[in-house]
Amino acid sequence: MNIKILFGTETGNAEEAANVISQKLNEASLSAEVLDMSKSSLEDIKNCDIALISTSTWGDGDAPTNAMTMLESISAETNTEDLSGVKFAVFALGDSMYPNFCQAGEDFDNALSKLGAERIAELCKNEDDFYQNIAPWVEQIINAIK
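Note that the structure is predicted; figures quoted are calculated from it, not measured.

Student: Help me get a handle on the overall build of the protein, residues and values and all.
Tutor: The helix and strand tally for the protein stands at five helices and six strands. Going residue by residue from the N terminus, the α and β elements of the protein occur as β-α-β-α-β-α-β-α-β-β-α. Taking 2.2 N^0.38 as the reference for a compact globule, 146 residues should give roughly 15 Å; the C-alpha atoms of the protein span a radius of gyration of 14 Å, in line with that estimate. Taken along its principal axes, the extent of the C-alpha atoms in the protein is 40 × 35 × 25 Å. Counting all 146 residues of the protein, 47% fall into the buried class. For the protein, the accessible surface area stands at approximately 7,000 Å², while carbon and sulfur atoms represent 43% of it.

Here you go:
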């Protein structure tokens, strides 16, 4: 099974979350490749069985700099890719003091769903202290896979 965890981050928190997700999957005998979105493309998502997105929100609800191109690619009006063979889930980080809390995560979740990918866990919105939510979220994914 080809599982990819793509992260979008400005300060490193979403990358750290991606590595924790990978570790928890590994503990369940599932291996995943962790990828920086700036070094990834839509092809990476198309060519995997499960795409897990770990992203923070930056500025006024924007995707982090390293995730901007990926989000623009998958959410473009002209994008007609069929991702119906891909399962996905989004782990979003943000600060609830801002009105667009976890907006980048919502944007990835909506864009992947719109292209036909199958959601295997609900969007998980988190403050920077995400550790209490990550284990139950990964458990949902493991249950959906097995």
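Student: Break down the side chain of serine 40 for me, with residues and values.
Tutor: Relative to the helices and strands, serine 40 is located in the loop between β2 (32-36) and α2 (42-46). A relative accessible area of 15% means that serine 40 is categorised as buried. One polar contact links the side chain of serine 40 to the main-chain carbonyl oxygen of aspartate 36, over a distance of 2.8 Å. If we skip the residues at most four places from it in the chain, serine 40 touches Leu6, Leu35 and Met70.

Student: Describe in detail a negative patch on the surface, supporting the description with residues and values.
Tutor: Side chains of Asp95, Glu127, Asp128 and Asp129 sit close together on the surface and give a patch of like negative charge. Topologically, aspartate 128 is positioned in the loop between β6 (124-126) and α5 (131-145). A relative accessible area of 45% means that aspartate 128 is categorised as partly exposed.

Student: Break down the nonpolar core for me, with residues and values.
Tutor: With 26 residues, the main nonpolar core has Ile21, Leu25, Leu52, Phe91, Ile134, Trp137 and Ile141 as its most contacted residues. The next biggest cluster of nonpolar side chains, apart from the first, holds 23 residues, and it includes Cys48, Ala63, Phe88 and Leu112.

What counts as what
Residues numbered from 1 in each chain as written. Predicted model: local features only at pLDDT ≥ 70, side-chain atom pairs only at ≥ 80, totals over all residues. Heavy atoms only, no water. Helix = DSSP H or I, 4+ residues; strand = E, 2+ residues; numbered from the N terminus. Rg over C-alpha atoms; globule rule 2.2 N^0.38 Å. Buried < 20%, exposed > 50% of the residue type's maximum accessible area, 1.4 Å probe, protein only. Areas by Shrake-Rupley, 256 points an atom, 1.4 Å probe, with all protein chains shown as cover. Polar contact = N/O pair within 3.5 Å; in protein donor to acceptor, adjacent residues only side chain to side chain. Contact = heavy atoms within 4.5 Å. Patch = residues over 30% accessible without salt bridge, like charges linked within 9 Å, V, L, I, M, F, W, Y side chains within 5 Å. Salt bridge = Lys/Arg side-chain N within 4 Å of Asp/Glu carboxyl O. Lys, Arg positive; Asp, Glu negative; His and termini not counted. Charge placed at Lys NZ, Arg CZ, Asp CG, Glu CD. Core = buried A, V, L, I, M, F, W, Y, C linked by side-chain atoms within 4.5 Å.

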